[in-house]
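# Fold and contact review
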Amino acid sequence: MTTDTRTLAHPIHVVGAGLAGSECAYQLASRGQRVVLWEMRPDRSTPAHSTPDFAELVCSNSLRSDDPHHAAGLLKREMEAFGSLIIGAAREAAVPAGSALAVDRDLFAASVTKTLEEHPKIEIRRTEVVDFPEGKVVMATGPLTSEALATRLGDLLGSEYLYFYDAIAPIVEADSLDYDILFRASRYGKGGDDYLNAPMTKEQYDHFYDELVKATVLELRDFEQNLFFEGCLPIEEIARRGRETLCFGPMKPVGLTPPDGSRPWAVVQLRQENLAQTHYNLVGFQSRMSWGEQKRVLRLIPGLGSAEFVRLGQIHRNTFINSPTHLDKHYRLKSEPRLRLAGQITGVEGYLESAATGLLNALYLSLEASSSSAPEPLPANTALGALARHLTETPAKRFQPANINYGLFEPLGLRIKKRERRAAYAQRAQQELVSWASRAGFDITLAPFQTQDAPLEAASGATASSANHSS
Ligand SMILES: Cc1cc2nc3c(=O)[nH]c(=O)nc-3n(C[C@H](O)[C@H](O)[C@H](O)COP(=O)(O)OP(=O)(O)OC[C@H]3O[C@@H](n4cnc5c(N)ncnc54)[C@H](O)[C@@H]3O)c2cc1C
C-alpha cells in the first residue's frame, strides 16, 4: 500500500500535544504523513498543566493495570502492536507500582517531547489555536480545551457542551513522611512492596472522618452541582455517603497487613511518583477541600503528621462532547468530516484511553490516505474498537465518559468460568485485531503473553504482515 502523494502535500493538523495528540502525531508521522502539531503551552497553560512538555500527566502517574488480561492491560498490548509512542515511553520511564504501569512523569513527558521534536515529518507550532486550520484536523485539546477553541467547537456542533467536574489528588515529599508508622506492601502481595501504607485504628479513622466531613470545601455554583464523575469523586464527597464508605473505597484495609500482624481499620495508600522516590501521591485522595484544610486534615493520617505537600488536590472542568450524536465510527464530526476528535474530549476517560483514541484516529487517517473507500472500523471485540463503539453507539441520552473495561465489549456468548473469562476476552480481542490488521494492511506483531488462567495459544506472538504499514 502506498501513501497518496496528494495527502503528503497537505499536512494533517493535530491540535493539542497531550496524550492523544502526541500519540496521533507520532503514528501519522511514522506512517509517512506530514504533521503540524499545535500546542499552546507554555505561552498559555491550563489550570492543571505545569510544564511545557508534551503528554504531561496532570494528576496520577499511573496508566492503570498492566495485567494482560485486564482490559487496560489488553488495550496497552493492542497499542504496542502498532508501535505506540505513549506506551513505549511509559515502559522506559516505569516506576514500581504493583501490577499497574506507573511512570516517572518528568522522564515520561521529556521522552515523548524529544521524540516528537526530533521527528522529521512533524512541525511543531507552539501557539493557541483559536479556529480550525484548513484541511484535515485532529482536535485533541483535552478536558481543558482553551476557551476560544471550545467556543468555536460549540458553535460548530450547534448543541450544548457536556461537562462535569473532576478532582486531583495531592502529592507529598517522601522525606517528610514517618517511616516508623508507614509500611511497605502491595494489596494481597501483588507486585511486591511497591506502596507505602498508612494504617489507621478505628479511633484514628473516626477522628480523621469527623474532621474530613466538616472541612471547608470550595463551593460549586448551582449549575455545577452533581457534576462529578463517579470514578473520580473527591474524598470528602465519598465520605459524605456514610461513615464506613471510605473503608470500602480508597481506604479499604483488605489485603494489607502491617509487619506486626495487626488488622488496621482503614489504610491510606501512597504510590511512588518519580524514579528518584522523592514524591508520593495519595491514591484516591482527590479533593476540593480548601488548601489550608487539606493540609490540616491530611496530616491527621498516621505517618503524614509532618507531610510537606508538593501539590494539593484541585477541582477542574472536564469538557467532552456527546460523541454518539456528533462522531461517526472513524472519529470524524458528522457535520464536518475533515475534523476529527481524539482524547478525553470525545468522552473517553483516562490517559491510556485518550492516547488510544489518538492512535486509532491516525490509523484511520492513514487508511484514508491510501484508499478512496471508508476504512473498515476496528471490531468492537478489540479494546480499541470497544472504546470507539462506546463513543459512537451508546444511546446519546445515556452517554457518559468511560474507562476501558470488558463491559464495553460484545459479551462472549459462551458459558465460561469467571476466572477464565478475562483471558477469553483477551484472546478473542487479539485474534480479531490480527485479522483486522491483516485485512487493512497493517504490519503488526502482538507480543506473546502467557496468562495466569489459560495459555493464549492462538494469539500468542500472532502477526499480521500482509502489507506495508510500518509501526
Ligand atoms: C486535573 C485533571 C486530572 C486528571 N487526572 C487523571 C488521572 O489521574 N488519571 C487519568 O488516567 N486521567 C486523568 N485525567 C483525565 C485525562 O486522562 C487527562 O486529562 C488526559 O491528559 C487527557 O488526554 P488528552 O490528550 O485528551 O488531553 P491533554 O492531555 O489535556 O492534552 C490536551 C493538550 O491540548 C492543549 N490545548 C488545549 N487547548 C488548546 C488550543 N486551543 N490550542 C493548542 N493547544 C491546546 C493543552 O495545553 C494540552 O497540552 C485528568 C484530567 C484532568 C484535567
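Heads up: these notes are all about the structure in this document. (Residues numbered from 1 in each chain as written. Predicted model: local features only at pLDDT ≥ 70, side-chain atom pairs only at ≥ 80, totals over all residues. Heavy atoms only, no water.)

The next subject is the overall build of the chain. Across its full length, the chain holds 13 helices and 19 strands. For the chain, the proportion of its 471 residues judged to be buried stands at 58%. By sequence separation, contacts in the chain at least 24 residues apart represent 69% of the contacts at least 6 residues apart. Accessible area for the chain stands at about 19300 Å²; split by element, carbon and sulfur atoms hold 51% of it. (Helix = DSSP H or I, 4+ residues; strand = E, 2+ residues; numbered from the N terminus. Buried < 20%, exposed > 50% of the residue type's maximum accessible area, 1.4 Å probe, protein only. Contact = heavy atoms within 4.5 Å. Areas by Shrake-Rupley, 256 points an atom, 1.4 Å probe, with all protein chains shown as cover.)

Turning next to the site of the ligand. Contacts to the ligand come from 32 residues, most closely from Ala20, Glu39, Arg41, Gln344 and Gly350. Backbone polar atom of methionine 40 to a nitrogen atom of the ligand: 3.2 Å apart, as the coordinates give it. A distance of 2.9 Å separates a nitrogen atom of the ligand from a polar backbone atom of valine 129. Compared with its free state, where it exposes 970 Å², the ligand has 95% of that area covered by protein. Those elements that place two or more of their residues in the shell around the ligand are helix H2 (19-30) and helix H11 (351-370). Of the residues in the shell around the ligand, the class split is 14 nonpolar, 15 polar and three charged. (Near = heavy atom within 4 Å. Polar contact = N/O pair within 3.5 Å; in protein donor to acceptor, adjacent residues only side chain to side chain. Nonpolar A, V, L, I, M, F, W, Y, C, P; charged D, E, K, R; others polar.)

The next point concerns the nonpolar core. Phe82, Phe108, Ile404, Phe409 and Trp436 are the most contacted members of the largest nonpolar core, which totals 96 residues. Ranked by the residues each element gives to this core, the list is headed by H11, at eleven residues. Discounting residues that sit within four places of it in the chain, phenylalanine 108 has contacts with Leu19, Ala55, Leu57, Ile86, Ala89, Ala90, Ala93 and Val103. Ranked by size, the runner-up nonpolar core spans 34 residues in total, among them Ala174, Leu196, Ala215 and Phe309. (Core = buried A, V, L, I, M, F, W, Y, C linked by side-chain atoms within 4.5 Å.)

Taken as a whole, helix H6 (residues 147-157) has its buried residues at Leu149, Ala150, Leu153, Gly154 and Leu157. For H6, the buried positions fall inside an angular range of 145° around the axis, keeping them on one side. Residues of H6 that are exposed and point more than 90 degrees away from the buried face comprise Glu147 and Asp155. Next to the buried residues of H6 lie strand E1 (12-15), strand E7 (137-139), helix H10 (323-326), strand E16 (332-333) and strand E17 (336-341). Immediately downstream of H6, the backbone of glycine 158 shows phi near 65°, a positive value. (Arc of directions from axis to C-beta.)

Here the focus is the packing of helix H7 (residues 202-214) against helix H9 (residues 291-298). How two helices sit against one another is set out by the angle between their axes and by the gap between those axes. Packing of H7 against H9 brings their axes to within 10 Å, and their N-to-C directions diverge by 175°. By the angle between their axes, H7 is roughly antiparallel relative to H9. Seen from H7, the contacting residues are Phe208, Glu211, Leu212 and Lys214; seen from H9, they are Glu293, Arg296 and Val297. Split by residue class, the contact of H7 with H9 holds three nonpolar, no polar and four charged. (Axes fitted to C-alpha atoms, helices over the stretch in contact; angles between N-to-C directions. Parallel < 35°, antiparallel > 145°, perpendicular 65-115°, else oblique.)

Attention now moves to the sheet that holds strand E11 (residues 195-200). The six strands lie next to each other as E10-E11-E12-E13-E9-E14, forming an open sheet whose pairing is antiparallel. Among the strands making up the open sheet, the edge pair consists of strand E10 (183-185) and strand E14 (309-311). Strand-to-strand twist across the sheet, computed as the mean angle between neighbouring axes with direction ignored, equals 40°. Here six bridges tie E11 to strand E12 (residues 266-272), and the two strands are oriented antiparallel to one another. Opposite alanine 198, over in E12, you have valine 268 as the bridge partner. (Pairing = 2+ DSSP bridges.)

A few words on the pattern of salt bridges. Note that side chains of opposite charge can pair when their charged atoms are close. Under the counting rule described, the total for this entry stands at 28 salt bridges. Aspartate 206 is the salt-bridge partner of arginine 243, the closest N and O atoms lying 3.1 Å from each other. Linking arginine 243 in the loop between helix H8 (235-239) and E12 with aspartate 206 in helix H7, this pair joins segments that are 37 residues apart in sequence. We classify aspartate 206 as buried; its relative accessible area is 19%. (Salt bridge = Lys/Arg side-chain N within 4 Å of Asp/Glu carboxyl O.)

Let's shift gears to the packing of aromatic side chains. Evaluation of the coordinates by the stated rule reveals nine aromatic pairs. When the centroid spacing of 5.6 Å and the interplanar angle of 20° are considered together, the rings of tryptophan 436 and phenylalanine 442 count as stacked. For phenylalanine 442, a relative accessible area of 0% translates into the label buried. Site record: aromatic cluster; members linked through ring pairs are Phe82, Trp436 and Phe442. (Phe/Tyr/Trp six-rings, centres within 6.5 Å; stacked < 30°, edge-to-face > 60°.)

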